[in-house]
Amino acid sequence: MAARPATAAASAESLPHARRDVRLFWGAGTCDALGSQASGFVLPLLLLSLGRSPAEVGALAGLSAAATLVLGPLAAVPADRGARKQVMVGAALVSAAAMAGVTVAVAAGPVPLAVLLAAVLVERCATACYEAASRGTVALVCPPEAHRRVLSRLEAGERGALVVGPALGGLLFSVGAWLPFLVDALSYAAAAGGIHAMRADLSPRQEQPSPAATPHRTWRALVSEAGAGLALIRREPFLRLALVWISAVNALLVALYYTTVFALQDHGRGAAPLGLVLASAGAAGLAGALAAPRLVRRHSAARVLVPVSWLLVPPAAALATAREAWQFALLFGLLSFLTPPATVALQARILQITPPGLQARTGTVLATTSGAAAALAPALAGLSADRTGVVATLTGCAVLLAALALYVTCAAPAVTRGTGEEPV
């Protein structure tokens, strides 16, 4: 199917406030991610300190994930129909209010589980709506030639928050258990203010009359609209390739991480080596995101995806032979450095070929599928490690990455042939 390079992109002349809007969008996303990482890191600690069992902590995490998977595709519909800014601002304000409630409740004394559960679920649902509506915004606030650069900066902001957020949350939690949640509430308020201050019209140009305006819309019609992104992915070969690659890589990297945790435990290592692995991966991922525009600016997405897929195999295979913490940290750092360039190239191409009225829904399908795959990975990694051992599990992940690289090598030229894909 031929790509539509011009449908999702705006010209530089039509975006007089592009730089300002990009800075505001980046700041909103980074603040949101930093606050979420700070509070998310300490939430299990708070629950355990209140005498809750690990099973209750896991149940809360599972309910939050389920709410995200359900609400994301539904929230993407009004975003694609012209209410993107309203959904993002409203969702951020709801999240800020929920976290402010948690702050007050924690500061007042022991928190009833029902209150905490309700507040966290409201915050997670609102965050799912914000994330769904935010997808595709880059195509509306900056010209096509800037997509890869802007996407790399957004990726760098998220990875930076992943590095700084847990450390900030732990520090604040040691001072006062309510402080991380206050920071999260303020970060949501700052995100809402940043999105509200953007001057770009975040409503995509409608290429056909919106069914949202027809009377007597049914639940079936809403579900059909929510599934429009999935229908586009089924029709578009490159989007199918992106779905497979992103889901597989996310799941396998999570599986490798958890198997590394099991390996460090088997070798008698404590929490400090695991912190070294996490810090190394976070710093390397941040460096990879910052370097992504230079690494991929002269190449199409397919020409980036193939070598990156093969380069992921050797460090993954070497994890099976690692014994010391610094070896795991080095190899995980290499894996984390390699993935952002491919992710940025894929995202830029996805923006280019997705119609403006389907940006949020298509991005939500990709994110939901990859998130579900990553959520299953820890359980599968643990089961495999129990049955076959950590070395066999690490080796199996490397073999699956090699199979993915072979698939990409065969599929990438076919899905881009005749589409007119050019480097941005």
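A. A look at the pattern of salt bridges. Using the criterion set out here, one finds five salt bridges in the structure. Asp 80 is the partner of Arg 361 in a salt bridge, and the nearest nitrogen-oxygen pair spans 2.9 Å. In this pair, Arg 361 sits in helix 14 (residues 359-388) while Asp 80 sits in helix 2 (residues 54-108), placing the two residues 281 residues apart along the sequence. Judged by its relative accessible area of 2%, Arg 361 is buried. By relative accessible area, Asp 80 is classed as buried at 0%. A salt bridge links Arg 159 to Glu 155; its shortest N-O distance comes to 3.0 Å. With Arg 159 and Glu 155 both in helix 5 (residues 147-175) and four residues apart, the pair spans about one turn of that helix. As far as burial versus exposure is concerned, Arg 159 and Glu 155 are alike and both buried. A cluster of three or more residues bridged by salt bridges with shared partners is formed by Asp 80, Arg 84 and Arg 361.

B. Seen up close, the nonpolar core. In terms of nonpolar packing, the biggest core is built from 58 residues, with Trp 245, Leu 256, Leu 312, Leu 319 and Val 408 touching the most fellow members. At the level of secondary structure, the elements contributing two or more residues to this core comprise helix 8 (228-235), helix 9 (237-266), helix 10 (271-296), helix 11 (301-311), helix 12 (313-318), helix 13 (325-353), helix 14 and helix 15 (390-416). If one sorts the elements of this core by residue count, helix 9 sits on top with 15 residues. Trp 245 has contacts with Leu 305, Val 308, Ser 309, Leu 312, Ala 342, Thr 343, Leu 346, Leu 404 and Val 408, leaving out every residue within four places of it along the chain.

C. Focus on the state of the cysteines. Under the criterion given, the structure shown has zero disulfides. We note that Cys 129 lacks a disulfide partner, and the nearest cysteine sulfur, in Cys 125, lies 7.1 Å from it.

D. Quick look at a positive patch on the surface. A surface patch of like charges, here positive, comprises Arg 19, Arg 23, Arg 149 and Arg 153. For the positive patch, the elements supplying multiple residues, two or more each, are helix 1 (18-49) and helix 5. By the element assignment, Arg 149 lies in helix 5.

E. Up close: the packing of helix 8 against helix 14. Orientation of helix 8 relative to helix 14, taken along the N-to-C sense of each, is 75°, at an axis distance of 7 Å. Between helix 8 and helix 14, the angle falls in the class roughly perpendicular. Contacts between helix 8 and helix 14 involve Ala 228, Gly 229, Leu 230, Leu 232 and Ile 233 on the former and, on the latter, Arg 361, Thr 362, Val 365 and Leu 366. When grouped by side-chain class, the residues that make up the contact of helix 8 with helix 14 number six nonpolar, two polar and one charged.

F. Representation of the packing of aromatic side chains. Within this structure, the stated rule accounts for two aromatic pairs. Between Tyr 257 and Tyr 258, the ring centres sit 5.3 Å apart and the planes meet at 80°, which makes this aromatic pair edge-to-face. Ring centres 6.4 Å apart and planes at 90° place the aromatic pair Tyr 257 and Phe 332 in the edge-to-face group. In this pair, Tyr 257 is assigned in helix 9 and Phe 332 in helix 13, connecting sequence segments 75 residues apart. Aromatic rings pair up to connect Tyr 257, Tyr 258 and Phe 332 into one cluster.

G. Geometry of the packing of helix 5 against helix 13. Packing of helix 5 against helix 13 leaves a shortest axis separation of 9 Å and a crossing angle of 135°. As summarised for this structure, helix 5 and helix 13 are arranged oblique, according to the angle between their axes. Regarding helix 5 and helix 13, the two cross each other, and that crossing is right-handed. Together, His 147, Arg 148, Leu 151, Ser 152, Glu 155 and Arg 159 of helix 5 and Ser 336, Thr 339, Pro 340, Thr 343, Val 344, Ala 345, Gln 347, Ala 348 and Leu 351 of helix 13 make up the contact between the two elements. For the contact of helix 5 with helix 13, the class distribution of residues is six nonpolar, six polar and three charged.

Definitions and cut-offs
- Residues numbered from 1 in each chain as written.
- Predicted model: local features only at pLDDT ≥ 70, side-chain atom pairs only at ≥ 80, totals over all residues.
- Heavy atoms only, no water.
- Salt bridge = Lys/Arg side-chain N within 4 Å of Asp/Glu carboxyl O.
- Helix = DSSP H or I, 4+ residues; strand = E, 2+ residues; numbered from the N terminus.
- Buried < 20%, exposed > 50% of the residue type's maximum accessible area, 1.4 Å probe, protein only.
- Core = buried A, V, L, I, M, F, W, Y, C linked by side-chain atoms within 4.5 Å.
- Contact = heavy atoms within 4.5 Å.
- Disulfide = S-S within 2.5 Å.
- Patch = residues over 30% accessible without salt bridge, like charges linked within 9 Å, V, L, I, M, F, W, Y side chains within 5 Å.
- Areas by Shrake-Rupley, 256 points an atom, 1.4 Å probe, with all protein chains shown as cover.
- Lys, Arg positive; Asp, Glu negative; His and termini not counted.
- Charge placed at Lys NZ, Arg CZ, Asp CG, Glu CD.
- Axes fitted to C-alpha atoms, helices over the stretch in contact; angles between N-to-C directions.
- Parallel < 35°, antiparallel > 145°, perpendicular 65-115°, else oblique.
- Nonpolar A, V, L, I, M, F, W, Y, C, P; charged D, E, K, R; others polar.
- Phe/Tyr/Trp six-rings, centres within 6.5 Å; stacked < 30°, edge-to-face > 60°.
- Left-handed = near helix turned anticlockwise from the far one by under 90°.

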